[in-house]
Amino acid sequence: MTTNEQFSKLLLAIFPAQPEPARLFWRESVHDNGDEFSRDLLERLAQRQWTEIKMSDWAMIGSISIVRERLEPATFLYYLPSLLLGVIDDPGYLNWALEAIVPAGRDRRPKSKWWIELLETISPDQIGVLHAFLALVRKNLLPPDKGPFVISENEGLTFEAEKFWDTQLPSTTPRTKR
């Protein structure tokens, strides 16, 4: 079994395809369900299991940071495995997955209500999957070391994602998955 197959099995074990999310759009998001972006989200994601979503669906929707902030945090978490698998199959979209799993901004701190809710929703096992994804990225998807002063954008994002999720290690307070 390849590392990619093992990662796929891990995703299926930790992110079940059933039940599908009840709500797509985040209640705090300012959007008009009639705009083109919202229609694309509805067409590409709604009423589909995450196992059916391909990288081409993500690419047709557009900016991952906008997608993330429009979706209900639990819904984003539900569909995230499809993005992670899509990147494994097509590493050209690696920056999409990396940007999806860290807060925006120079300091990468979770300041928005959306991020706070996501961090209240994500389970320790799901955080473990993100660590496994980042380890897989580091091992298989980043270019070979080019020297001490040369770092690619994806290497920088991987480092930032690792640093962020390392600070989200499970505490003594149990988290529940919504």
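Before reading on, note that the structure itself is shown above.
Residues numbered from 1 in each chain as written. Predicted model: local features only at pLDDT ≥ 70, side-chain atom pairs only at ≥ 80, totals over all residues. Heavy atoms only, no water.

A. Here's a closer look at the pattern of salt bridges. For the coordinates displayed, the defined rule picks out seven salt bridges. For Glu160, the salt bridge goes to Arg108, with nearest N and O atoms at 2.7 Å. Of the two residues, Glu160 is situated in helix H9 (residues 153-166) and Arg108 in the loop between helix H6 (94-100) and helix H7 (113-121); the sequence distance between them amounts to 52 residues. Here Glu160 falls in the partly exposed class, since its relative accessible area comes to 27%. Judged by relative accessible area, Arg108 falls into the buried class, the value being 14%. Glu162 is the partner of Arg138 in a salt bridge, and the nearest nitrogen-oxygen pair spans 2.9 Å. (Salt bridge = Lys/Arg side-chain N within 4 Å of Asp/Glu carboxyl O. Helix = DSSP H or I, 4+ residues; strand = E, 2+ residues; numbered from the N terminus. Buried < 20%, exposed > 50% of the residue type's maximum accessible area, 1.4 Å probe, protein only.)

B. A look at the packing of aromatic side chains. Following the criterion strictly, the structure yields seven aromatic pairs and no others. With a centroid separation of 5.5 Å and an interplanar angle of 70°, the aromatic rings of Phe76 and Trp114 are classed as edge-to-face. With Phe76 in helix H5 (residues 73-89) and Trp114 in helix H7, this residue pair connects regions lying 38 residues apart in the sequence. In this structure Phe76 comes out as buried when scored by relative accessible area, which is 2%. Ring centres of Trp115 and Phe164 lie 5.6 Å apart, and the angle between their planes is 80°; on these two criteria the pair is classed as edge-to-face. Remark: Phe164 occurs in helix H9 and Trp115 occurs in helix H7; sequence separation between them is 49 residues. (Phe/Tyr/Trp six-rings, centres within 6.5 Å; stacked < 30°, edge-to-face > 60°.)

C. Highlighting the side chain of Thr121. Tracing the sequence through the fold places Thr121 in helix H7. Within polar-contact distance, the side chain of Thr121 engages the backbone oxygen of Glu117 at 2.7 Å. (Polar contact = N/O pair within 3.5 Å; in protein donor to acceptor, adjacent residues only side chain to side chain.)

All we've got here are geometric facts, nothing functional implied.
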